[in-house]
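Coordinate inspection notes
Here's the letter readout for the chains.
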Amino acid sequence: MQRECQCGHKTKERTEAEYKSLIHRLNRIEGQIRGIRGMVEKNVYCTDILVQVAAVNAALNAFNRELLAEHIRTCVARDIRAGKDETIDELLDTLRKLMK
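Let me begin by describing the structure that accompanies this report. (Residues numbered from 1 in each chain as written. Predicted model: local features only at pLDDT ≥ 70, side-chain atom pairs only at ≥ 80, totals over all residues. Heavy atoms only, no water.)

The next point concerns the overall build of the protein chain. Counting its secondary structure elements, the protein chain contains 3 helices and 2 strands. Mapped from its N terminus to its C terminus, the protein chain presents α and β elements in the order β-β-α-α-α. For the protein chain, the C-alpha radius of gyration of 18 Å lies well beyond 13 Å, the compact-globule estimate for 100 residues. For the protein chain, the spread of C-alpha atoms along the three principal axes comes to 55 × 30 × 25 Å. (Helix = DSSP H or I, 4+ residues; strand = E, 2+ residues; numbered from the N terminus. Rg over C-alpha atoms; globule rule 2.2 N^0.38 Å.)

And the structure:
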């Protein structure tokens with residue numbers, strides 16, 4: 001369910017499963033980033049670091065896909081059913097930003 005917090009920003013209540021899945025992905029990405037930092041600190045060869053950076057990018061893209069799919073299934077679908085056409089423009093704007 002989407003709400004507005006006291007500061008006027010939108011918020012979303014997530015299911016326990018969705019929350020756990022997203023946090024799990026973020027924890028893994030955080031670990032990968034720490035690993036890359038360690039590689040830089042140990043003067044690991046450039047291409048080895050670049051391969052790990054590519055893996056982080058892929059993990060972030062997977063996170064975005066999961067979050068976007070759930071957003072469309074819940075928030076966007078609900079708003080469209082409620083006649084809030086501005087949600088379509090918001091979604092298109094988000095997709096443009098993701099596709100840069």
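This is not the end of the story, as more comes after the structure.
Between its first and last C-alpha, helix α1 (residues 16–41) extends 37 Å over 26 residues, near the 38 Å set by a 1.5 Å rise per residue. On the buried face of α1, the contacting elements are β2 (10–12) and α2 (46–81). Just downstream of α1 lies Asn 43, where phi reads positive at about 60 degrees. (Expected span 1.5 Å × (residues − 1). Contact = heavy atoms within 4.5 Å.)

A cluster of nonpolar side chains, contributed by Tyr 19, Ile 23 and Leu 26, occupies part of the molecular surface with about 260 Å² of accessible area. With respect to the secondary-structure elements, Ile 23 resides in helix α1. For Ile 23, a relative accessible area of 33% puts it in the partly exposed group. (Patch = residues over 30% accessible without salt bridge, like charges linked within 9 Å, V, L, I, M, F, W, Y side chains within 5 Å. Areas by Shrake-Rupley, 256 points an atom, 1.4 Å probe, with all protein chains shown as cover. Salt bridge = Lys/Arg side-chain N within 4 Å of Asp/Glu carboxyl O. Buried < 20%, exposed > 50% of the residue type's maximum accessible area, 1.4 Å probe, protein only.)

Okay, the environment of Asp 79 next. One can find Asp 79 in helix α2. Judged by relative accessible area, which is 5%, Asp 79 ranks as buried. Sequence separation of Asp 79 and Gly 31 is 48 residues, and the distance between their C-alpha atoms is 36 Å.

Glycine aside, negative phi is the norm for most residues, and most peptide bonds take the trans geometry. In this model, Asn 43 sits at a positive phi of 60 degrees, which is unusual for a non-glycine residue. Looking at where Asn 43 falls in the secondary structure, it is placed in the loop between α1 and α2. Taking relative accessible area as the criterion, Asn 43 reaches 68% and is therefore assigned exposed.

Glancing now at α2. Helical periodicity: at 3.6 residues per turn, an α-helix aligns residues three or four positions apart in one direction. Here α2 is 36 residues long and its end C-alpha atoms lie 50 Å apart, about the 52 Å a rise of 1.5 Å per residue gives. The largest bend along α2 measures about 40 degrees and falls at Ile 72. Within the sequence span of α2, burial applies to Ile 49, Val 56, Ala 62, Phe 63, Leu 68, Glu 70, Cys 75, Val 76, Ala 77 and Asp 79. (Bend = angle between axes of the 7 residues up to and from the residue.)

Once that is clear, we can look at the pattern of salt bridges. A pair can form between side chains of opposite charge whenever their charged atoms are brought close. A complete count under the given rule lists 10 salt bridges for this structure. One salt bridge connects Glu 70 with Arg 73, and the closest N-O pair in it is separated by 3.0 Å. In this pair, Glu 70 and Arg 73 are both assigned in helix α2, 3 residues apart and thus about one turn of the helix distant. Residues Asp 79 and Arg 78 are paired through a salt bridge, measuring 3.2 Å at the closest nitrogen-oxygen approach. The structure contains a network of salt bridges with shared partners spanning Lys 12, Arg 14 and Glu 18.

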